[in-house]
Amino acid sequence: MALDNVVVAGGGTLGSQIAYQSAFKGKHVVLYDINEQALANAKKNVDKLDDRYREDMDATDDQIQATHERIKFTDDLDEALKGADIVVEAIPEDLSIKSDFYKKLAGHLDDDTILVSNTSTLLPSQIVEFTDRPDKFLALHFANEIWKRNLAELMPVTTTDKAVVQKVNDFAKEIGMKPIMLTKEQPGYVLNSLIDPWENAALRLWGRDVAEPADIDKDWMVAFGTNMGPFALMDMVGLELVHEIHSRQVAPGDVDLLHGLNKMQKLIDAGKVGQKSGQGFYSYPNPEFLNF
Ligand SMILES: NC(=O)c1ccc[n+]([C@@H]2O[C@H](COP(=O)([O-])OP(=O)(O)OC[C@H]3O[C@@H](n4cnc5c(N)ncnc54)[C@H](O)[C@@H]3O)[C@@H](O)[C@H]2O)c1
């Protein structure tokens, strides 16, 4: 049976997108958040997506109206969970917040309800012990702007039932995602395991003053026919977060990466934290990597 009744926990950046995308594709969605203020924010986040779907997905007014009609908002956990086929957890990336949430769920769920976490940096094996259903829990990781970057990485734990993994794989397809299956746990899933060394290589080149970000990006873009390179991507994610993640990856003696990160820190100190601030490695809205 298809997973048609979806609860999304957390209506922030990703939760609002998961709720919208699921409803857009015909699922019945309940968006649960902690209190009225958080729900008001969640509603705003959801409403903001209308224009994006109009622009990027050619969504019609009827489709948008139907999407909204399929999303209910509540801060009442019991009401949210009634009849849920799947709970997609998109609450803050903090193990103590997540563990409290999963402990709270236990005893309120139907027997068959599947739980998935959208965690980016935690492993599902760190979370599973707080659930009451080790056979019905896995990570389902979406990328920001899920309607466009429609990748969904599935990462089960050793106790996850294979039939449950298959159901979640089908669910991901039904909501317009391209599911990618991991057969064992990997920090950063597949995508970030590929991206991190690539960004580090770019930062080393810049750290050694071999080339400027725009030339490094253009090199990659021309060779692979892509619309962005590593520095453009880092600007998109936001330099504070990128700096924090990559600082943890500096091995002893990796001075080129250290130099690259120090140069990035100077941008951050000057308030140039990427696309969201209008400046980072590039100035927006017309970044240099697009001009050649
Ligand atoms: N932002 C991204 O680009 C991105 C991408 C992929 C995955 N993720 C992951 O998705 C999850 C959420 O990230 P985000 O960026 O959407 O966070 P966010 O801070 O934008 O939103 C978190 C939401 O959770 C709500 N919340 C807090 N405690 C809660 C609780 N106990 N129960 C229900 N709701 C609660 C908050 O009110 C808020 O609406 C994290 O695990 C993150 O790693 C984020």
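The present account deals with the structure reproduced in this document. All of these numbers come straight from a predicted model, not from anything done at the bench.

We now examine the overall build of the protein. A tally of helices and strands in the protein yields 12 helices and eight strands. Against the 2.2 N^0.38 benchmark of 19 Å for 292 residues, the protein shows a C-alpha radius of gyration of 20 Å, consistent with a compact globule. Once the C-alpha set of the protein is aligned to its principal axes, its extents read approximately 60 × 45 × 35 Å. Total accessible area computed for the protein in this model is approximately 14,400 Å², and 51% of it derives from carbon and sulfur atoms. Considering the protein, the positive charge centre built from 30 side chains and the negative charge centre built from 47 side chains are found 2 Å apart.

It is worth spelling out the site of the ligand at this point. Taken together, 22 residues sit near the ligand, with Leu-14, Asp-33, Glu-93, Lys-98 and Ser-120 positioned nearest. Backbone polar atom of Thr-13 to an oxygen atom of the ligand: 3.0 Å apart, as the coordinates give it. Within the backbone of Ile-91, an N or O atom sits 3.4 Å from an oxygen atom of the ligand. Contact with the protein chains removes 76% of the 830 Å² of surface that the ligand exposes when unbound.

Each value, and the rule that gives it
Residues numbered from 1 in each chain as written. Predicted model: local features only at pLDDT ≥ 70, side-chain atom pairs only at ≥ 80, totals over all residues. Heavy atoms only, no water. Helix = DSSP H or I, 4+ residues; strand = E, 2+ residues; numbered from the N terminus. Rg over C-alpha atoms; globule rule 2.2 N^0.38 Å. Areas by Shrake-Rupley, 256 points an atom, 1.4 Å probe, with all protein chains shown as cover. Lys, Arg positive; Asp, Glu negative; His and termini not counted. Charge placed at Lys NZ, Arg CZ, Asp CG, Glu CD. Near = heavy atom within 4 Å. Polar contact = N/O pair within 3.5 Å; in protein donor to acceptor, adjacent residues only side chain to side chain.

The values reported here are purely geometric and, on their own, carry no functional implication.
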